[in-house]
Amino acid sequence: MATEEAPPPPGATAAGPVQPTTESFVAVQESAEFGELRRTYRSFAFPLTVAFIAWYLLYVLLSNFAGGFMGTRLFGNINVALVLGVAQFATTFLIAWLYSRHAAEKLDPKAEAIKSRMEADA
C-alpha cells in the first residue's frame, strides 16, 4: 500500500523549515530588543554567580584555615562544617529555582518574541 506524504507546513519547504539568513541573525543581534534580553539575563546571572562563588570560596577557606570553628559541634554529631556543606546544596537548588522562575517570567517571553519575528521574516 502506498502512503502519501503530507504537504509541508506553511513557511517550510519539502526539504525542511525555512531558515533565517545570516544577515537577519546579525541584525537581530544588533537590535535594541536583543540587547535588552541580554541585559535582563546578565543582570540576574552575573550577580548571583559572583555571590555563589564567594559563598563557596568562604566555605573552602573556612575549611582550610578555620578548622576549629568548622569542627564546632552544634548538636549531637552535627558540626558547623556539615551545616554549611548542606547549605551549599540548598543554595544551589535555590539558585536553580530562582533562575527557572526568572527565565520563565522575563527571558522566555522576550526570546520567543524575537524568535517568532525572525521566523515570520524568513
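Residues numbered from 1 in each chain as written. Predicted model: local features only at pLDDT ≥ 70, side-chain atom pairs only at ≥ 80, totals over all residues. Heavy atoms only, no water.

## Notes on the environment of valine 83
You can see valine 83 is positioned in helix α4 (residues 80–121). The exposure class of valine 83 is partly exposed, given its relative accessible area of 38%. Separated by 13 residues in the primary sequence, valine 83 and methionine 70 place their C-alpha atoms 9.3 Å from one another. Not counting chain neighbours up to four residues away, the residues in contact with valine 83 comprise Leu74 and Ile78. (Helix = DSSP H or I, 4+ residues; strand = E, 2+ residues; numbered from the N terminus. Buried < 20%, exposed > 50% of the residue type's maximum accessible area, 1.4 Å probe, protein only. Contact = heavy atoms within 4.5 Å.)

## Structural notes on the environment of leucine 84
Take leucine 84: it is sitting in helix α4. Distance from leucine 84 to tryptophan 55, taken between C-alpha atoms, is 9.9 Å for residues 29 residues apart in sequence. For leucine 84, the contacting residues outside a window of four places in its chain are Trp55, Tyr59, Leu62 and Met70.

## Looking at a nonpolar patch on the surface
A surface patch of nonpolar side chains, about 550 Å² in accessible area, is lined by Ile53, Tyr56, Leu57, Leu61 and Phe65. Inspection of the secondary structure assignment puts leucine 61 in helix α2 (residues 32–65). (Patch = residues over 30% accessible without salt bridge, like charges linked within 9 Å, V, L, I, M, F, W, Y side chains within 5 Å. Areas by Shrake-Rupley, 256 points an atom, 1.4 Å probe, with all protein chains shown as cover. Salt bridge = Lys/Arg side-chain N within 4 Å of Asp/Glu carboxyl O.)

## Some details on the nonpolar core
Residues Val28, Leu37, Ala103, Leu107, Ile114 and Met118 constitute the largest nonpolar core, which totals 6 residues. Per element, the largest residue contribution to this core is 4 residues, and it comes from α4. Ignoring anything within four residues of it in the chain, the contact list for leucine 107 reads Leu37, Thr40, Tyr41, Tyr99 and His102. (Core = buried A, V, L, I, M, F, W, Y, C linked by side-chain atoms within 4.5 Å.)

## A closer look at the confidence of the model for the protein
Residues with a pLDDT of 70 or more make up 85% of the protein, whose mean pLDDT is 88. At the low end of the mean pLDDT range in the protein sits strand β1 (residues 12–13), at 56; at the high end sits α2, at 96. (pLDDT = per-residue confidence, 0-100.)

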